[in-house]
Amino acid sequence: MPHDSSWELYWQVRLQAIEDLGKCEAVLAASELILDLDAQGRPARLLELGCGAGQIIGALMDAHAELRGVSDSVGVDYSSSMLERARSDCPDLQLVQGDYTDPSVLEGLGQFQLVLLVNSLHEVFSAAYDEAQGEVDVPAGRAAVAEALAAATGLLAPGGYLLIFDGLEPPGDPERRVTLRFLDPEAREEFGVFVDEYHPFRIQAHWLADGWRVEISQHDFARYIDKSIFLSKALWETEQLESYQYYTEDDFRRELAALDLRVLELRKLTVNGFKWRSRVSIETPGVDFPDEHVLIVAAR
Ligand SMILES: C[S@@+](CC[C@H](N)C(=O)[O-])C[C@H]1O[C@@H](n2cnc3c(N)ncnc32)[C@H](O)[C@@H]1O
């Protein structure tokens, strides 16, 4: 089965719609794990925490419908509008409405061979926004992510896999200054919107005299490029509320090790790099566009 050219064509067509968000990397990695489980004679019951409209888990269930365990998969999300879409697009997916950081929501779901957290943990982090500080309460947000990871791990069958796809905080000094040059007026204007409206953190931008260059921290640079594709789009309304950056690679590794999970793969990605490069160039020597997404496969 799979791995032949018709299977590749299937995925190319299936994943075209979500390519922009980089999620196809997550779907393909999950598909490989499902095939591996099947090759080992094990079922592949899937759980997606923060399943949204079911784009990820739905694609996996469709592609592997005949494999043992797949039809018994579950999606959890607290958004009723997302679940309504999932219900209509993925009729075989069992759906649970609720906050997956609340242990009572996950009670009684049983065990899963593959638990997916795709573009979801950053929302757990961002939910720790503190009105008084006017920013996300970072220690509280990071602790909430650690708790969510522990809850996800608790649902893994022995030898099961946890797959995480999400934003990544670049390593190094977050306050290091980076000078960017905008390549067109639209990109420059949109950056102003980002500075004014990005909610999780206050963005400190220092414009240089020519009006085309701006100095920001490395920390804010990663935030800007991740959000730049949503500026001027309807999705900005929700995207402006969420920080994709909450853990560095070292943070992920430490938290997963603390849960006795072995990291089998950790791939750092620059999703949509060609788009960032059409908006801004980097003037600071030795600085490149950061790897701002990560794909992790860990095993219990
Ligand atoms: C960006 S969407 C991603 C959806 C899906 N994983 C995908 O990649 O297509 C994140 C989803 O996580 C859900 N979510 C975030 N935090 C959650 C929580 N604590 N409990 C349940 N759902 C949550 C949101 O409602 C949203 O549907």
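Per chain, residues are indexed from 1 in the order of the written sequence. Predicted model: local features are reported for residues with pLDDT of at least 70 only, side-chain atom pairs are reported and counted for 80 or more only, and whole-chain, interface and lining totals are derived from all residues.

Novice: Can you help me understand the overall build of the protein chain in this one?
Specialist: The number of helices and strands found in the protein chain is 12 helices and 13 strands. When we talk radius of gyration, it's over C-alpha atoms, and the globule rule is simply 2.2 Å times the number of residues to the 0.38. Against the 2.2 N^0.38 benchmark of 19 Å for 300 residues, the protein chain shows a C-alpha radius of gyration of 20 Å, consistent with a compact globule. Each principal axis of the C-alpha distribution contributes one length, and for the protein chain these read about 65 × 45 × 35 Å. Per-residue burial for the protein chain yields a buried fraction of 38% across its 300 residues. Whether two residues are in contact is decided by their C-beta atoms, placed from the backbone, lying within 7 Å. Taking the intrachain contacts of the protein chain between residues at least 6 apart in sequence as the baseline, contacts between residues at least 24 apart amount to 74%. In this description a helix means any DSSP run of H or I spanning at least four residues, a strand means any run of E spanning at least two, and both kinds are numbered starting from the N terminus. Each residue is classified by how many other C-beta atoms fall within 10 Å of its C-beta atom, where C-beta atoms are placed from the backbone; a count of 20 or more means buried, 12 or fewer means exposed, and values in between mean partly exposed.

Novice: Hey, could you run me through the pairing of strand E13 (residues 293–299) in this one?
Specialist: Sheet faces and side chains relate simply in a regular strand, where the side chains alternate between the two faces. Counted residue by residue, E13 has 6 buried out of 7 residues, so it is predominantly covered. As judged from the 7 bridges shared by strand E7 (residues 156–167) and E13, these two strands associate in the antiparallel manner. Pairing of Leu163 across the sheet is with Val297, part of E13. If DSSP finds at least two bridges between two strands, the strands pair. As paired strands, strand E11 (residues 262–269) and E13 are joined by 7 bridges and run antiparallel to one another. Its bridge partner being in E13, Arg267 is matched across the sheet by Leu295.

Novice: I keep staring at the sheet that holds strand E9 (residues 206–207) and nothing clicks. Help me out?
Specialist: Backbone-to-backbone hydrogen bonds join strands into a sheet, with any given pair of strands oriented parallel or antiparallel. The strand order across the open sheet built from 4 strands is E9-E10-E8-E12, with neighbouring strands paired in antiparallel fashion. If you trace the sheet from one side to the other, it starts and ends with E9 and strand E12 (280–282), each paired once. The sheet contact formed by E9 and strand E10 (residues 213–217) spans 2 bridges and is antiparallel. Across the sheet, Trp207 pairs through a bridge with Val214, a residue of E10. For helices, the fitted axis covers only the stretch in contact; all axes are lines through C-alpha atoms, and the angles between them, taken along N-to-C directions, range from 0 to 180 degrees. Where helix H9 (residues 218–228) meets the sheet, it contacts strand E8 (177–182) and E10, and its direction lies at approximately 110° from that of E10.

Novice: In this structure, what is going on with the packing of helix H2 (residues 23–39) against helix H3 (residues 55–63)? I would like to understand it.
Specialist: When two helices pack together, their arrangement is captured by the angle between the axes and the distance separating the axes. Direction vectors running N to C along H2 and H3 enclose 40°, while the axes themselves pass 10 Å from each other. Taken together, the axis directions place H2 and H3 in an arrangement best described as oblique. As H2 runs across H3, the sense of the crossing is right-handed. Between H2 and H3, the residues in contact are Lys23, Ala26, Val27, Ala30, Ser31 and Ile34 and Ile56, Ala59, Leu60 and Ala63, respectively. Classification convention: Asp, Glu, Lys, Arg as charged; Ala, Val, Leu, Ile, Met, Phe, Trp, Tyr, Cys, Pro as nonpolar; all other residues, Gly among them, as polar. Its residues assigned to classes, the contact of H2 with H3 shows 8 nonpolar, 1 polar and 1 charged. Note on terminology: angles under 35 degrees are roughly parallel, angles over 145 are roughly antiparallel, angles of 65 to 115 are roughly perpendicular, and the others are oblique. By definition, turning the near helix anticlockwise from the far helix through less than a right angle yields a left-handed crossing, and turning it clockwise yields a right-handed one.

Novice: I'm lost on the site of the ligand in this one. Help?
Specialist: Here, nearness is defined through the C-beta atom: a residue counts as near a molecule or strand if that backbone-placed atom lies within 6 Å of it. Gly50, Gly52, Tyr78, Ser79 and Glu123 are the nearest of the 19 residues found near the ligand. Breaking the shell around the ligand down by element, the ones donating at least two residues are H3, strand E2 (74–77) and helix H6 (121–126). Tallied by class, the residues present in the shell around the ligand amount to 8 nonpolar, 7 polar and 4 charged.

Novice: Can you help me understand unusual backbone geometry in this one?
Specialist: A negative phi angle characterises most non-glycine residues, just as the trans form characterises most peptide bonds. In this structure, Asn119 is a non-glycine residue whose phi angle is positive, near 50°. Tracing the sequence through the fold places Asn119 in the loop between strand E4 (112–118) and H6. Despite not being glycine, Ser232 has its phi angle at roughly 70°, a positive value. Along the chain, Ser232 turns up in the loop between H9 and helix H10 (236–239).

Novice: Explain the nonpolar core to me, please; I cannot follow it from the model alone.
Specialist: Across soluble globular proteins, nonpolar side chains have a tendency to be buried as a group. Each nonpolar core reported here comprises buried Ala, Val, Leu, Ile, Met, Phe, Trp, Tyr and Cys residues connected via C-beta atoms within 7 Å. Ranked by internal contacts, the top residues of the largest apolar core, which has 60 residues, are Leu60, Leu114, Leu116 and Leu163. Leu116 has contacts with Ala30, Leu46, Leu47, Glu48, Ile56, Ile57 and Leu163, leaving out every residue within four places of it along the chain. If you look at the next biggest cluster of nonpolar residues, it comprises 14 residues, including Ile216, Phe221, Ala222 and Trp276.

Novice: It is not clear to me how the environment of Val105 should be interpreted in this structure. Could you clarify?
Specialist: You can see Val105 is positioned in helix H5 (residues 103–106). The partly exposed category is assigned to Val105, around which 17 C-beta atoms lie within 10 Å. Residues contacting Val105, with those up to four places away along its chain left out, are Val76, Val96, Gly98, Asp99 and Tyr100.

Novice: Mind showing me how you'd approach the sheet that holds E13 here?
Specialist: Strand order in the open sheet formed by 7 strands is E3-E2-E1-E4-E7-E13-E11, with mixed pairing between adjacent strands. Either end of the sheet is taken by a strand with one partner, and the two such strands are strand E3 (94–97) and E11. Looking at each pair of strands side by side, their axes are set apart by 15° on average, direction ignored. This element, H2, spans E4, E7, E11 and E13 of the sheet and lies at about 170° to E7. The strands touched by helix H4 (residues 80–89) within the sheet are E2 and E3, with E3 carrying the most contacts at an inclination of about 170°.

Novice: Please clarify how the environment of Pro139 should be interpreted in this entry.
Specialist: Along the chain, the position of Pro139 falls in helix H7 (residues 138–154). Pro139 sits in the exposed class, given 9 other C-beta atoms within 10 Å. Considering only alpha carbons, one finds Pro139 and Ser80, 59 residues apart in sequence, at a separation of 29 Å.

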